[in-house]
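# Coordinate analysis (summary)
Letter by letter, the chains look like this.
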Amino acid sequence: MKCPRCESILYRKNGRRNDKQNYLCKNCGKQFLEPAFPRSLETDLLANGNGHTKVFMAEATEVSLVKNLPEEKATEKSLGSFSLTLAEELLQTILSPDSLESAAFSQLLLKIQQKNEIKHQLETGISLLLLDTENLKLDVDSELFLASVCKYPLQVKIAFANWRNPSIGKQDIELYNRGYQLVHVPEGKDSADAKMIAFGACILRSYPTVKEILVCSSDGILTHLCNELQNQGLIVYWVRRQGQTLHIENRNTGKLTHYSLAMATEVPSFEKVVEQIQDLIKNEQDSINARLHSLAAIASLFKERSNINIKHNPKQA
């Protein structure tokens, strides 16, 4: 608050006039009352308007008057009426065509959408695949099968290798086209394994929404990474290759799943093989019974149409 004559901020209280506080300017001696609508508030409202927000002076004055009312006068009815009026004005301002088409409103919608997506990912979770390309090669069918094993969608795939190594061939191009992130490691024994362990141990820092992780490498040293990821509360699948078969071990439950690379299909367990054989036998029996029933019906129809009377003569002793 400033003196209305000299705009000095040096003043003191000087009694009350009309139930309002009276002030005396120490600089010029002018007496004045506390303004109902402070100049600083008016300045702030106009400065923050941005050409779209229109705050009517009457409503803003009402804000100041309500604040200055004694407690016995500031009834619930007056406060409720003011809140309703202010809410209506704000709603009209927000829904005005100028406001809806403004860049600020578009940025607000974008931020809300991004927060909703992050919240959705945190609630649903994702799966992540770590691949030692120098040790294990995954084709598209194998990758799709691994994705089907996971409960959460496979959204992040990271491959580690010395991409300058001629033995890698053109796998970098192929994997990149399939959506893999490529991590280069220097030449050396177990370099890819070491990088996978270092990167995977702090995976939640980069991907906080990950719930399941596929560790694809046949090297035994990756046991340490699997244990660390389990300790962090993740579901870990260790994918290893033996001959023409992929072994997928759920490290949390111990369940083993097998996938045939030659046949591009899951290798069933012994129990499933027995169950399938039993189904085949049952289906074959049902098929034989159906054919016998059809044959009996045809014989009966032929007998009826041909008037054939078949007599059974007892055998003579």
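In case you missed it, the structure is sitting above this.
Residue positions within a chain follow its written sequence, with the count starting from 1. Confidence filtering applies because this is a predicted model: local features only for residues at pLDDT of at least 70, side-chain atom pairs given and counted only at 80 or more, and all residues used for totals across whole chains, interfaces and linings. The side-chain quantities take in all heavy atoms of the structure and omit both hydrogens and water.

### Quick word on the overall build of the protein chain
The condition that has to hold: Where helices and strands are cited, they refer to DSSP runs of H or I of at least four residues and of E of at least two residues respectively, numbered from the N terminus. Categorising residues by exposure relies on relative accessible area from a 1.4 Å probe, with only protein chains included: less than 20% of the type maximum marks a residue as buried, more than 50% marks it as exposed, and the intermediate range marks it as partly exposed. In what follows, residue pairs with any heavy atoms lying within 4.5 Å of each other are defined as contacts.
When helices and strands are counted, the protein chain shows eleven helices and eleven strands. Looking at the protein chain residue by residue over its 317 residues, the buried ones come to 26%. Restricting to contacts in the protein chain with at least 6 residues of sequence separation, those with at least 24 account for 50%.

### Here we look at the pattern of salt bridges
What counts, and what does not: A side-chain nitrogen of Lys or Arg and a carboxyl oxygen of Asp or Glu constitute a salt bridge if their distance falls within 4 Å.
Tallying each qualifying case throughout the model produces seven salt bridges. Where Arg 178 meets Glu 174, a salt bridge forms, and the shortest distance between an N and an O atom there is 3.0 Å. Of the residues examined, Glu 174 reaches a relative accessible area of 33% and is grouped as partly exposed. Through salt bridges with shared partners, a single ionic network connects Glu 143, Lys 157, Glu 174 and Arg 178.

### Let's talk about the nonpolar core
Soluble, globular proteins show a tendency: their nonpolar side chains are buried together. This is how it is decided: For our purposes a nonpolar core is just a set of buried Ala, Val, Leu, Ile, Met, Phe, Trp, Tyr and Cys residues, chained together by side-chain atoms within 4.5 Å.
Ranked by internal contacts, the top residues of the largest apolar core, which has 22 residues, are Leu 128, Leu 130, Val 215 and Leu 229. Looking at this core, the elements that each hand over two or more residues are β4 (126-132), β5 (154-161), α8 (191-201), β7 (210-216), α10 (223-231) and β8 (235-242). Discounting residues that sit within four places of it in the chain, Leu 128 has contacts with Leu 154, Val 156, Ile 203, Tyr 207, Val 210, Glu 212, Ile 213 and Leu 214. If you look at the next biggest cluster of nonpolar residues, it comprises 21 residues, including Ile 168, Tyr 180, Leu 214 and Tyr 259.

### Details of empty space enclosed by the protein
Formally: Only protein atoms enter the calculation, which uses a 1 Å grid: trapped sets of points that fit a 1.4 Å probe without letting it out are cavities, open sets showing protein on both sides within 12 Å along at least five of seven lines are pockets, and any residue with an atom within 4 Å of a point is a lining residue. Grid points are joined across faces, edges and corners, and a volume is the space filled by probe spheres set on the points.
Evaluated as defined, the whole model comprises one cavity of 30 Å³ or more. Approximately 40 Å³ is the volume found for the largest cavity. The element contributing the most residues to the lining of the largest cavity is helix α7 (residues 171-177), with three residues.

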